[in-house]
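Architecture and fold: a report
One-letter residues, chain by chain:
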Amino acid sequence: MHLSVFPEGGALVTGLEIRVYLEAKNLLGKPADVAGRIIDDQGNVAATFETWKEGLGRFTFTPST
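Residues numbered from 1 in each chain as written. Predicted model: local features only at pLDDT ≥ 70, side-chain atom pairs only at ≥ 80, totals over all residues. Heavy atoms only, no water.

**Section: the overall build of the protein**
Scanning the protein from N- to C-terminus turns up zero helices and five strands. Reading the protein from its N terminus to its C terminus gives the helix and strand order β-β-β-β-β. C-alpha atoms of the protein, sized along the principal axes, occupy 35 × 25 × 15 Å. For the protein, contacts bridging at least 24 residues in sequence account for 41% of all contacts bridging at least 6. Of the side-chain charges in the protein, 6 are positive and 8 negative, and the distance between the mean point of each set is 8 Å. (Helix = DSSP H or I, 4+ residues; strand = E, 2+ residues; numbered from the N terminus. Contact = heavy atoms within 4.5 Å. Lys, Arg positive; Asp, Glu negative; His and termini not counted. Charge placed at Lys NZ, Arg CZ, Asp CG, Glu CD.)

Take a look at the structure:
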C-alpha cells in the first residue's frame, strides 16, 4: 500500500485548519480504498479519513504543537 498526502497550500501551520488531499494505491499501482485515523503523540484522534473515488480522498484538521 502506498499513501500520498498533499496539504493544501503545501504547508501545515499550527492552529490553522487545513485541508489535506490523499491518494492511495495498492502494490500494483492501482487505486485503493482506504480509511484511517491521524493520531497525535498523546494518542488522541486528530482526524479521520477515507478515500471516496479511485483511491482519492480528503480530510481537514488543525495541526497543534
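Additional details are given in the paragraphs that follow.
**Thoughts on the side chain of Thr51**
Structurally, the position occupied by Thr51 is in strand 4 (residues 45-53). One polar contact links the side chain of Thr51 to the main-chain carbonyl oxygen of Ala32, over a distance of 3.5 Å. If we skip the residues at most four places from it in the chain, Thr51 touches Leu22, Ala24, Ala32, Asp33, Val34, Leu56 and Gly57. (Polar contact = N/O pair within 3.5 Å; in protein donor to acceptor, adjacent residues only side chain to side chain.)

**Looking at the pairing of strand 3 (residues 35-39)**
Across five bridges, strand 3 lies against strand 4 in antiparallel orientation. From the neighbouring strand, Ile38 faces strand 4, where its bridge partner is Ala47. Here strand 3 folds back onto strand 4 in antiparallel fashion, the turn holding five residues, of which Gly43 has a positive phi close to 90°. (Pairing = 2+ DSSP bridges.)

**Examining the environment of Leu16**
You can see Leu16 is positioned in the loop between strand 1 (2-7) and strand 2 (18-25). Considering only alpha carbons, one finds Leu16 and Pro31, 15 residues apart in sequence, at a separation of 30 Å. Non-local contacts of Leu16, meaning those with residues more than four positions away in its chain, are made with Phe61, Thr62 and Pro63.

**Regarding the sheet that holds strand 2**
Read across the sheet, five strands follow the order 1-2-5-4-3 without closing on themselves; strand pairing throughout is antiparallel. The sheet terminates laterally at strand 1 and strand 3, the two strands that pair on one side only. Averaged over all pairs of adjacent strands, the angle between strand axes in this sheet comes to 25°, irrespective of strand direction. (Axes fitted to C-alpha atoms, helices over the stretch in contact; angles between N-to-C directions.)

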